[in-house]
Amino acid sequence: MSTSNLLSLAGWTFLPNFVTGWLQTIYYGIMIRAGDPKPQPGSPRYIAHRRRIHIIVVSAYLLYTIYEADWEIRRASDFYQDLGVPYTATEREIKSRFRRLAAIYHPDKVSSTSPSSEGYFVHLKLAQDTLLNPAKRFAYERFGPEITQWQRCSGIRDFVLHGLQAILPYYGAAAIFMYILGMLGYLEWGKYWRWVTLVGFCVFELYTISRPHFPSFAAKIVNPLLTNFTAHPPYLPFQLIQLGRKICITLYIAFSQIGPHLEPPTTIASNASPEVQLKQQLDRLEATAKIVDVEATRAVQLELSPFMGDEQAIGEVKGKMKEWLVQNTIQSDPEVRDAIGTLLKRRRTDAPAGARGTR
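Residues numbered from 1 in each chain as written. Predicted model: local features only at pLDDT ≥ 70, side-chain atom pairs only at ≥ 80, totals over all residues. Heavy atoms only, no water.

A. Helix α2 (residues 44-76), seen in detail. Its 33 residues place the ends of α2 48 Å apart at the C-alpha level, agreeing with the 48 Å of an ideal helix rising 1.5 Å per residue. One or two residues past the end of α2 sits S77, with phi positive at roughly 60°. (Helix = DSSP H or I, 4+ residues; strand = E, 2+ residues; numbered from the N terminus. Expected span 1.5 Å × (residues − 1).)

Here you go:
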């Protein structure tokens, strides 16, 4: 796994929650007037706000990662862009363009014989040789610049078979990884559509590398829109595959974070086992108890706010509250009153004559 993928994974792990909490604090600072109580963590209002902000943050980060993947593809460039010819260029056009570039970048024509200038000319020569060879040009457009390192590949069939040796293990490992995560309880939301996306993109990639033409949606829709309305260069098949893989992985992670927030509250199925029903009821009761506890704490803090800073006054208030709890809660309990009555009755019965009182 490359450094960029590790950084992206780390970003998906920490950034959304961090940014969500930061934005929620700013939102409360702007939207809630000074002196008004802010929603406390755990309260329904706080949870609803955090859910909406989290969805917005994850969606924005998803768009950013897609843009970043596209930017990396454009930065890496391709042989057509380096030579300055369209991907439909003929052999004659490629040779003519290379001769013009050679007149500028050939080491004998450049005043400084630096390694970078010599390396750039070698790169241009490699680009020309690759695009002038029909088999290598076919393979380059579908597998990328890695094909220049492949040995013992002379025809299109050799290149396709060599590429399959990298594609099939990639999707096999991805399927095993998704299956293991599913067994461990991860990636539950949208599990069916994850598998559909994985299989569908695998079929698309196999179709793309085995056909003599570009994918129809790229040649007829995407690339014409890019070239006619933007300065973005057209996509080659291998660039579409790279971008599609990045988008798939990013969507898997993003939906695993957004999905639980989009689901309605779970209801207890009528045919569920008693153990499952009891567990769901206990979970709901625990959540309700936490909410009540948070609201009660907030109410107490609101009542004590006039005494903040005065320790003596707060101590007196707490003492009065304890006394009130004893007198109005414990003594008002029916069992406590019955026990006190029974004890007094015993004392009156066992007391000597003249000491039993009149009650």
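Resuming the write-up.
B. Spotlight on the side chain of D70. Assignment of secondary structure puts D70 in helix α2. Within the local environment of D70, its side chain forms a polar contact with the side chain of Y235, the two groups lying 2.3 Å apart. (Polar contact = N/O pair within 3.5 Å; in protein donor to acceptor, adjacent residues only side chain to side chain.)

C. Structural detail: the packing of helix α7 (residues 156-183) against helix α8 (residues 191-210). In contact at an axis separation of 11 Å, α7 and α8 are set at 180° when each is read in the N-to-C sense. By the angle class used here, α7 and α8 are roughly antiparallel. Across the interface between the two elements, V160, L164, I167, L168, Y171, A174, A175, M178 and Y179 of α7 pack against R194, W195, L198, F201, C202, E205, L206 and I209 of α8. Here the contact of α7 with α8 is built from residues that sort into 15 nonpolar, no polar and two charged. (Axes fitted to C-alpha atoms, helices over the stretch in contact; angles between N-to-C directions. Parallel < 35°, antiparallel > 145°, perpendicular 65-115°, else oblique. Contact = heavy atoms within 4.5 Å. Nonpolar A, V, L, I, M, F, W, Y, C, P; charged D, E, K, R; others polar.)

D. Layout of unusual backbone geometry. With a phi close to 60°, S77 is a non-glycine residue in the positive phi region. Counting through the fold element by element, S77 comes out in the loop between α2 and α3 (79-83). Even without being glycine, R152 reaches a positive phi, approximately 60°.

E. Broad picture of the packing of helix α6 (residues 134-143) against α7. Running from N to C, α6 and α7 point in directions that differ by 20°, and their axes come no closer than 9 Å. Of the possible angle classes, the one that applies to α6 and α7 is roughly parallel. When you trace α6 past α7, the crossing you get is right-handed. The segment α6 lies against α7, with A135, K136, F138, A139 and F143 engaging I156, F159, V160, G163 and I167. When the residues that make up the contact of α6 with α7 are grouped by side-chain class, the tally is eight nonpolar, one polar and one charged. (Left-handed = near helix turned anticlockwise from the far one by under 90°.)

F. Local environment of the environment of L131. By secondary structure assignment, the location of L131 is in helix α5 (residues 115-132). The exposure class of L131 is buried, given its relative accessible area of 2%. Counting along the chain gives 36 residues from L131 to K95, while the straight-line C-alpha distance between them is 9.8 Å. (Buried < 20%, exposed > 50% of the residue type's maximum accessible area, 1.4 Å probe, protein only.)

G. Inspection of the packing of aromatic side chains at higher detail. Scanning the model with the defined rule gives 14 aromatic pairs in all. Look at Y28 and Y46: their rings are 6.3 Å apart centre to centre, the planes differ by 45°, and that puts the pair in the tilted class. In this pair, Y28 sits in helix α1 (residues 3-31) while Y46 sits in helix α2, placing the two residues 18 residues apart along the sequence. Both residues of the pair, Y28 and Y46, belong to the buried class. Measuring from ring centre to ring centre gives 5.9 Å for F204 and F217, while their planes differ by 50°; the resulting arrangement is tilted. Taken as a pair, F204 in helix α8 and F217 in helix α9 (residues 216-229) lie far apart in primary sequence, 13 residues in all. What links up through ring pairs into an aromatic cluster is the set Y27, Y28 and Y46. The side chain of R142 reaches across the aromatic face of F138, ending 3.9 Å from its centre. (Phe/Tyr/Trp six-rings, centres within 6.5 Å; stacked < 30°, edge-to-face > 60°. Lys NZ or Arg CZ within 6 Å of the ring centre and 35° of its normal.)

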